[in-house]
Amino acid sequence: MNQTRIGIVGVGGIAKGVHIPGYQAAIGGKVTALCDISDNALDQGAEICSLDKSQCYTDYLDLIASEDVDAVDICTPNNLHCTIAEEAIRKGKPFSVEKPMGLSHAETARIHDLAQKAGVVGHVCFSWRYRPYIRYMKWLISQGVCGKLYHGYIRCIKDSGLWPGRKLEWRFDKKQAGTGVLGDLASHMYDLTRFITGEEFTGISAQTGIWIKSRQKLDSDDFAEVTTDDWCNALVDMRSGLNVTYQISRCATTIGDSVGIELYGSNGMLRYMNHSGQQTLEICSGEVDMTGQGSHFVVPPARFNASQSQAFINLVQDTDDGLSATLADGVICQKVLDATEKAAASKRWISISEEG
Ligand SMILES: NC(=O)c1ccc[n+]([C@@H]2O[C@H](COP(=O)([O-])OP(=O)(O)OC[C@H]3O[C@@H](n4cnc5c(N)ncnc54)[C@H](O)[C@@H]3O)[C@@H](O)[C@H]2O)c1
């Protein structure tokens with residue numbers, strides 16, 4: 001079988017924890033090059049991928065230009081996503097980019113445009129799309145289990161901003177991250193809302209804030225200001241009239257990691273809960289069950305299993321199932337993220353146009 005040779009730029013937490021194991025388990029592709037500005041990250045990555053020094057780079061231009069790389073996987077801090085994607089486009093190489101796709105709608109729309117003109121395939125890592133429960137919810141909604149959707153209540157809360165001694169990493173710096181939990185967590189929740197319901201955002205009001213206002217610098221004992229949000233509440237309207245409430249935070253004391261997705265409609269409800277990896281999906285559907293007595297728990301059948309790394313390889317090889325997040329999805333998400341910031345800053349309702 002044709003093997004897609006993948007070069008990863010940024011060998012940090014997400015690359016080592018998710019992307020590399022994903023490619024190692026995937027069919028039709030393998031990691032053949034790594035790039036990082038940190039020698040330590042490169043050494044660790046090279047060991048996991050069994051690569052030698054000649055396959056490790058400190059400059060992403062060299063990795064992208066390498067004849068041993070067919071496709072590029074971008075896992076750096078957010079401010080570099082679009083710059084590296086542009087170089088991949090220039091060299092005609094397909095790329096996958098971590099979320100959020102970039103720092104602004106304008107920046108991501110430009111990359112989308114360049115990729116389209118060059119005929120280069122792009123993928124955005126909205127990893128929730130590859131979770132079986134999420135795919136199953138999408139299918140259940142398409143089968144009409146909820147009927148017309150009225151309300152969504154979506155919550156993604158963690159305590160990761162409160163870990164003792166957590167320092168001023170790039171994600172707490174607006175210049176490198178753009179936003180905090182907005183790009184980190186809300187981006188996933190916004191994308192999965194569109195993915196599951198097939199709906200588009202039309203307007204938003206929001207609040208954001210920072211609880212932990214300073215952190216110790218990475219390279220000294222000094223403290224400096226945190227400039228990215230660590231919580232956000234938002235109310236949105238979708239095209240059909242479905243309204244969704246979001247609660248996003250990394251300062252939810254002792255909670256670990258908790259996600260809830262509740263959808264209520266004219267014919268029933270779906271309630272997904274994930275507490276530190278323990279998942280349940282409750283369903284109540286049809287006239288008989290409108291009392292809630294017929295509510296029961298379901299688990300996704302095996303046909304809803306998916307892998308993000310496999311999906312990128314499939315996209316490159318033109319065998320995608322059509323459920324992966326494209327650059328267009330990344331751009332739409334970025335538009336909603338921008339609107340969230342604008343709504344929070346202005347304390348006003350912000351319309352989100354579907355064009356452009
Ligand atoms: N999909 C998800 O659920 C998910 C989860 C975590 C992180 N992410 C995203 O993944 C990206 C990386 O996050 P992370 O948690 O792995 O961060 P990280 O800090 O652990 O890793 C980033 C790596 O990029 C390297 N880097 C920085 N500048 C570079 C450059 N110019 N060239 C090459 N390498 C460079 C750093 O040295 C570091 O090793 C972010 O965009 C983040 O939003 C996504």
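Residues numbered from 1 in each chain as written. Predicted model: local features only at pLDDT ≥ 70, side-chain atom pairs only at ≥ 80, totals over all residues.

**Digging into helix 2 (residues 39-49)**
Inspection of helix 2 places Leu42, Gly45 and Cys49 among the buried residues, and these make up the whole buried set. Down the axis of helix 2, the buried side of the element spans an arc of 70°, and every buried residue falls inside it. Facing away from the buried surface of helix 2 by more than 90 degrees, the exposed residues are Asp39, Asn40 and Glu47. With its phi angle positive at about 55°, serine 50 sits one or two positions after the end of helix 2. (Buried ≥ 20, exposed ≤ 12 C-beta atoms within 10 Å, placed from the backbone. Helix = DSSP H or I, 4+ residues; strand = E, 2+ residues; numbered from the N terminus. Arc of directions from axis to C-beta.)

**Some words on the site of the ligand**
Residues in contact with the ligand amount to 24 residues; listed here are only the nearest, Gly10, Gly12, Gly13, Ile14 and Glu98. Looking at the shell around the ligand, the element that brings in the most residues is helix 1 (residues 13-25), giving 3 residues. For the shell around the ligand, a count of residues per class yields 13 nonpolar, 7 polar and 4 charged. (Near = placed C-beta within 6 Å. Nonpolar A, V, L, I, M, F, W, Y, C, P; charged D, E, K, R; others polar.)

**Quick notes on the domain arrangement of the protein**
Here the domain parsing of the protein yields domain 1 (4-127 + 313-317) and domain 2 (132-304 + 331-351). At the interface, 14 residues of domain 1 touch 15 residues of domain 2. Each residue belonging to the side of domain 1 that touches domain 2 can be placed in one class, and the counts come to 6 nonpolar, 7 polar and 1 charged. (Domains from an automatic or database assignment. Contact = placed C-beta atoms within 7 Å.)

**Some remarks on the environment of glutamine 3**
Tracing the chain through its elements places glutamine 3 in the segment before strand 1 (4-9). By C-beta crowding, glutamine 3 is classed as partly exposed, having 13 other C-beta atoms within 10 Å. Spatially, the C-alpha atoms of glutamine 3 and isoleucine 313 are 8.9 Å apart, while their sequence positions differ by 310 residues. For glutamine 3, the residues in contact, after removing those within four places along its chain, are Gly28, Gly29 and Lys30.

**Some points on the nonpolar core**
Counting residues in each nonpolar core, the largest one holds 99 residues, and the members touching the most others are Ala186 and Leu270. Taken domain by domain, this core gets at least three of its residues from each of domain 1 (4-127 + 313-317) and domain 2 (132-304 + 331-351). The residues touching leucine 270, leaving out its near neighbours within four places in the chain, are Met137, Leu140, Val145, Cys146, Leu263, Leu281 and Ile283. (Core = buried A, V, L, I, M, F, W, Y, C linked by C-beta atoms within 7 Å.)

**Considerations on the pairing of strand 14 (residues 268-275)**
One ladder, built from 8 bridges, connects strand 13 (residues 257-265) with strand 14; its direction is antiparallel. Each residue of the ladder has a partner; that of tyrosine 264, found in strand 14, is methionine 269. Joining the antiparallel neighbours strand 13 and strand 14 is a turn of 2 residues. Bridging between strand 14 and strand 15 (residues 278-285) involves 8 bridges; their strand directions are antiparallel. Residue leucine 270 lies in a different strand from strand 15, and its bridge partner there is isoleucine 283. Between strand 14 and strand 15, which follow one another and run antiparallel, lie 2 residues, and serine 276 among them has a positive phi close to 45°. (Pairing = 2+ DSSP bridges.)

**Here's the deal with unusual backbone geometry**
Between lysine 99 and the following residue, proline 100, the backbone shows a cis peptide bond with an omega angle of -10°. Mapped onto the elements of the fold, proline 100 is located in the loop between strand 5 (95-98) and helix 5 (105-118). The phi angle at threonine 254 is positive, at roughly 70°, despite the residue not being glycine. Inspection of the secondary structure puts threonine 254 in the loop between strand 12 (243-249) and strand 13. Even without glycine at this site, lysine 347 takes up a positive phi of about 55°. Structurally, lysine 347 can be placed in the loop between helix 10 (327-346) and strand 17 (350-351). On the neighbour-count criterion, lysine 347 (9 C-beta atoms within 10 Å) is exposed.

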